[in-house]
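Descriptive analysis of the structure
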Amino acid sequence: MSSPSKRRDMDVMKLMMSDYAVEPINDGISEFNVEFHGPKESLYEGGVWKVRVELPDAYPYKSPSIGFLNKIFHPNVDELSGSVCLDVINQSWSPMFDLLNVFEVFLPQLLLYPNPSDPLNGDAASLMMKDQKQYEQKVKEYCERYAKKENITSTLSDESDEEISDEDVSDGRSLSSEDDVAGDADP
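About the criteria used
- Residues numbered from 1 in each chain as written.
- Predicted model: local features only at pLDDT ≥ 70, side-chain atom pairs only at ≥ 80, totals over all residues.
- Heavy atoms only, no water.
- Helix = DSSP H or I, 4+ residues; strand = E, 2+ residues; numbered from the N terminus.
- Polar contact = N/O pair within 3.5 Å; in protein donor to acceptor, adjacent residues only side chain to side chain.
- Salt bridge = Lys/Arg side-chain N within 4 Å of Asp/Glu carboxyl O.
- Buried < 20%, exposed > 50% of the residue type's maximum accessible area, 1.4 Å probe, protein only.
- Phe/Tyr/Trp six-rings, centres within 6.5 Å; stacked < 30°, edge-to-face > 60°.
- Pairing = 2+ DSSP bridges.
- Axes fitted to C-alpha atoms, helices over the stretch in contact; angles between N-to-C directions.
- Patch = residues over 30% accessible without salt bridge, like charges linked within 9 Å, V, L, I, M, F, W, Y side chains within 5 Å.
- Areas by Shrake-Rupley, 256 points an atom, 1.4 Å probe, with all protein chains shown as cover.
- Core = buried A, V, L, I, M, F, W, Y, C linked by side-chain atoms within 4.5 Å.
- Contact = heavy atoms within 4.5 Å.

What follows concerns the environment of serine 81. Assignment of secondary structure puts serine 81 in the loop between strand E4 (65–68) and helix H2 (87–90). The sequence separation of serine 81 and phenylalanine 68 amounts to 13 residues, and the corresponding C-alpha distance is 7.7 Å. A distance of 3.1 Å separates the side chain of serine 81 from the side chain of serine 83, its partner in a polar contact.

Structure follows, in structure tokens:
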């Protein structure tokens, strides 16, 4: 491969030609959303998420930024920003990996094997370690409430201008209108 931009083009094209629905943002290939389905035989099976991908200029030498746009209850995914805590993406990324690896291996493995000892969502990690049955129930509730096909289409139109990056983890922003205060004031 003679340049990072050719490699980026090839990886995005490979992802678009696979079974994943890919939606470019701002008519470019540096930012896009991917429809991601929960892995079979997992607590997340049947769930559908929009995952935001941002490719840095130095991709594939620098890892992509990955974030869930609709809510997911998982110890290694920040509930507010959707940022993902995954070593292979955040620390041990290699140019040998490509975008298909992210969606066919890394994210499914993350959902199948959560790591509560390195959490971005302390509540999920704590619940998982203290009460596995209640944790499983809450994961399924989130899947039912936030991870349906209709959720991802509304998430796209509502959140297409939002930026998700590793820096967003602690800014307290919410990507869901479900967090609005119950019982709006009368006009």
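Let us now look at the pattern of salt bridges. All told, the structure shown has eight salt bridges when counted by the stated rule. A salt bridge links lysine 149 to glutamate 35, with the shortest nitrogen-to-oxygen separation between them at 2.8 Å. Taken together, the residues span a long stretch of sequence, with lysine 149 in helix H6 (residues 149–159) and glutamate 35 in strand E2 (residues 31–37) at a distance of 114 residues. For glutamate 35, a relative accessible area of 11% translates into the label buried. Shared partners join several salt bridges into a network, and the residues in it are Glu31, Arg52 and Glu54.

Tallied over the entire structure, the rule returns 11 aromatic pairs. Here the aromatic rings of tyrosine 59 and tryptophan 93 are separated by 6.1 Å at their centres, their planes lie at 40 degrees, and the arrangement is tilted. Here tryptophan 93 lies in the loop between H2 and helix H3 (99–112) and tyrosine 59 lies in the loop between strand E3 (48–54) and E4, a separation of 34 residues in the sequence. Considered together, tyrosine 59 and tryptophan 93 belong to a single accessibility category, that of buried residues. Each ring, one from tryptophan 93 and one from phenylalanine 97, has its centre 5.6 Å from the other, and the planes form 65 degrees; the classification is edge-to-face. There is no split in this pair, since tryptophan 93 and phenylalanine 97 are both buried. Each residue in the set Tyr20, Phe36, Tyr44, Trp49, Phe68 and Phe103 is aromatic and connected to the rest through ring pairs, giving one cluster.

This next bit is on the sheet that holds E2. On the basis of which strands lie adjacent, the open sheet formed by four strands has the order E1-E2-E3-E4 and antiparallel pairing. Only two strands of the sheet have a single partner each, and these edge strands are strand E1 (22–24) and E4. Looking at each pair of strands side by side, their axes are set apart by 25 degrees on average, direction ignored. Taken together, the three bridges between E1 and E2 define a ladder with antiparallel strand orientation. Directly across from proline 24, in E2, lies its bridge partner phenylalanine 32.

Mapping arginine 52 onto the fold places it in strand E3. Polar side-chain contacts of arginine 52 include one of 2.7 Å to the side chain of glutamate 31.

So, on to a nonpolar patch on the surface. Together, Met13, Met16 and Met17 give the surface a local cluster of nonpolar side chains, amounting to about 330 Å² of exposed area. Along the chain, methionine 16 turns up in helix H1 (residues 4–17). Judged by its relative accessible area of 34%, methionine 16 is partly exposed.

Attention shifts here to the nonpolar core. Residues Leu15, Phe32, Trp49, Phe68, Phe103 and Leu107 are the most contacted members of the largest nonpolar core, which totals 41 residues. Within the residue set of this core, elements represented by two or more residues are H1, E2, E3, E4, H2, H3, helix H4 (122–130) and helix H5 (132–146). Contacts of leucine 15, omitting those with residues within four sequence positions, involve Tyr20, Val22, Phe32, Val34, Leu99, Leu100 and Phe103.

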